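Here is what each chain is made of, one letter per residue.
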Amino acid sequence: MAETTTFSNATQILEPFRGVKRVTIEEYFTSGHRTCQGCESALVMKLMVKASGPRTIVLGSTGCMYVANTTYYTTPWVVPWMHTQLGSSGSAALGTAAGLKALMRKGKMKSEPINVIAFCGDGGGADMGLGAISATLTHKEYNSLILLYDNESYANTDIQLSGMTPYGANTTFSPPGKVKRLIHTRWKKNMAGLMAAGHPECRYVATVCASYAVEMMNKVRRALTIGGPTFIHSLDPCPKGWDYDPMLSHELGELAIETGIFPLYEVEDGQVKYYGKTKAIIEGRARKPVREYLLKQGRFAHFIEEDLAYFQAKVDEMWEKWEIPAVVPFRRLDATKAALSAK
Ligand SMILES: Cc1ncc(C[n+]2csc(CCOP(=O)(O)OP(=O)(O)O)c2C)c(N)n1
Ligand code: SF4
Ligand SMILES: [Mg+2]
């Protein structure tokens, strides 16, 4: 029988990689997958487990990162991995963390901090599984990371639009037509802001993009070290769904940040910290026009000037008018501001 020890909420202490030369060479997501050429989500998986290291359990909800990564008798996963139902990444994270804790408390397994990471797509996480993720982020006694890989569609079932699909994009559910040019006219959900603002005891929420790999891995390491439930939102260019040449994946990730469409930040214990080019924008650097990003993608090929102007105006608003630029959209009334400053 295994030794009996009292399990605490201790986490692994994963120090940040100080530069690319310090990144460990071991891989825990290797060959054996069948994702498309240029798939950023596959890179996110690889970086995510490289950051977490070998003592990690990964749980994955249905989607490209399940189906293409576990084709019959093959898998790139070197660490223990389990599939979970499309809307269940939150439940899988919480259940696994609780199960580990119970087994360790009963002495049925060695007591040690094991990383629990559950990933989900935008369809599985931001639409179908939102409730389960939200519940998990309130259970501060269990350590887990939920990573939402956002390729902005239900990609695995042939690019249906999700609540994270950008305004106006062409998907199989929103094909542009002669009578109606834009079928999809909803603005994308603000997932990281929603998770940070709505879960006061979740200590760490961050946004990442694999174009900035070291920063991304360090945010994963921070999320796993700080303890309790944590959440990361990753924006992943998808050549198939976004309709572009696979060689542009890295560049599109960069452009998403440089145009200000996808800001890079973290919220740790309620404090917002901006990163990289997002930080530079906050400090005064000009944002690139959104057309530089949008017009490189076939899903926006039907856009006319009016659509580009609308998109630009919405992005401008989130930088110029939001209470916390590009993070939290509330705005104080002038009367409230005056009353607070008069105190
Ligand atoms: C409850 C349920 N409904 C529908 C499906 C079919 N389905 C499988 S993968 C998928 C797309 C998931 O989209 P997303 O979570 O964004 O992941 P992606 O495929 O984009 O990687 C759908 C709808 C399913 N597996 N389970
Ligand atoms: S459809 Fe997109 S997310 Fe799915 S494997 Fe291909 S590139 Fe990756
Ligand atoms: Mg998706």
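Conventions adopted
- Residues numbered from 1 in each chain as written.
- Chains lettered and ligands numbered in written order.
- Predicted model: local features only at pLDDT ≥ 70, side-chain atom pairs only at ≥ 80, totals over all residues.
- Heavy atoms only, no water.
- Helix = DSSP H or I, 4+ residues; strand = E, 2+ residues; numbered from the N terminus.
- Rg over C-alpha atoms; globule rule 2.2 N^0.38 Å.
- Buried < 20%, exposed > 50% of the residue type's maximum accessible area, 1.4 Å probe, protein only.
- Contact = heavy atoms within 4.5 Å.
- Areas by Shrake-Rupley, 256 points an atom, 1.4 Å probe, with all protein chains shown as cover.
- Lys, Arg positive; Asp, Glu negative; His and termini not counted.
- Charge placed at Lys NZ, Arg CZ, Asp CG, Glu CD.
- Near = heavy atom within 4 Å.
- Nonpolar A, V, L, I, M, F, W, Y, C, P; charged D, E, K, R; others polar.
- Donors = N, O, S within 2.8 Å, 3.2 Å for Na, K, Ca; no water.
- Salt bridge = Lys/Arg side-chain N within 4 Å of Asp/Glu carboxyl O.

Quick word on the overall build of the protein
- For the protein, the helix and strand inventory stands at 13 helices and eight strands.
- Since a compact globule built from 343 residues should have a radius of gyration of about 20 Å, the 20 Å found for the protein is in line with a globular shape.
- For the protein, the spread of C-alpha atoms along the three principal axes comes to 70 × 60 × 40 Å.
- Per-residue burial for the protein yields a buried fraction of 52% across its 343 residues.
- Pairs at least 24 apart in sequence give 73% of the contacts found in the protein among residues at least 6 apart.
- When the accessible surface of the protein is totalled, it reaches about 15600 Å², and 57% of it is carbon and sulfur.
- In the protein, the 39 positive side-chain charges and the 33 negative ones have mean positions that sit 4 Å from each other.

Overview of the site of ligand 2
- Around ligand 2, the neighbouring residues are T35, C36, C39, C64, N151, C238, P239 and K240.
- When the residues that make up the shell around ligand 2 are grouped by side-chain class, the tally is five nonpolar, two polar and one charged.

Observations concerning the coordination of the magnesium ion (ligand 3)
- The protein atoms that coordinate the magnesium ion (ligand 3) are D122 (OD), N151 (OD1) and S153 (O), at distances spanning 2.0 to 2.1 Å.
- One chain supplies every donor for the magnesium ion (ligand 3), spaced along it as D-x28-N-x1-S. Residue D122 is located in helix 4 (residues 122-128), and its partner S153 is located in the loop between strand 4 (144-150) and helix 6 (191-198); the two are separated by 31 residues in the primary sequence. Take D122 and S153: they sit in the same class, and that class is buried.

A short note on the pattern of salt bridges
- For the structure shown, the criterion picks out 20 salt bridges.
- With a shortest N-O distance of 3.2 Å, K288 and E258 are connected by a salt bridge. Of this pair, K288 sits in the loop between helix 10 (276-282) and helix 11 (291-294) while E258 sits in helix 9 (residues 249-258), placing them 30 residues apart in sequence.
- Classification of K288 as partly exposed rests on a relative accessible area of 31%.
- Classification of E258 as buried rests on a relative accessible area of 10%.
- A salt bridge links R287 to E320, with the nearest nitrogen and oxygen atoms 3.4 Å apart. With R287 in the loop between helix 10 and helix 11 and E320 in helix 12 (residues 305-320), the pair connects residues that are 33 residues apart, well separated along the chain.

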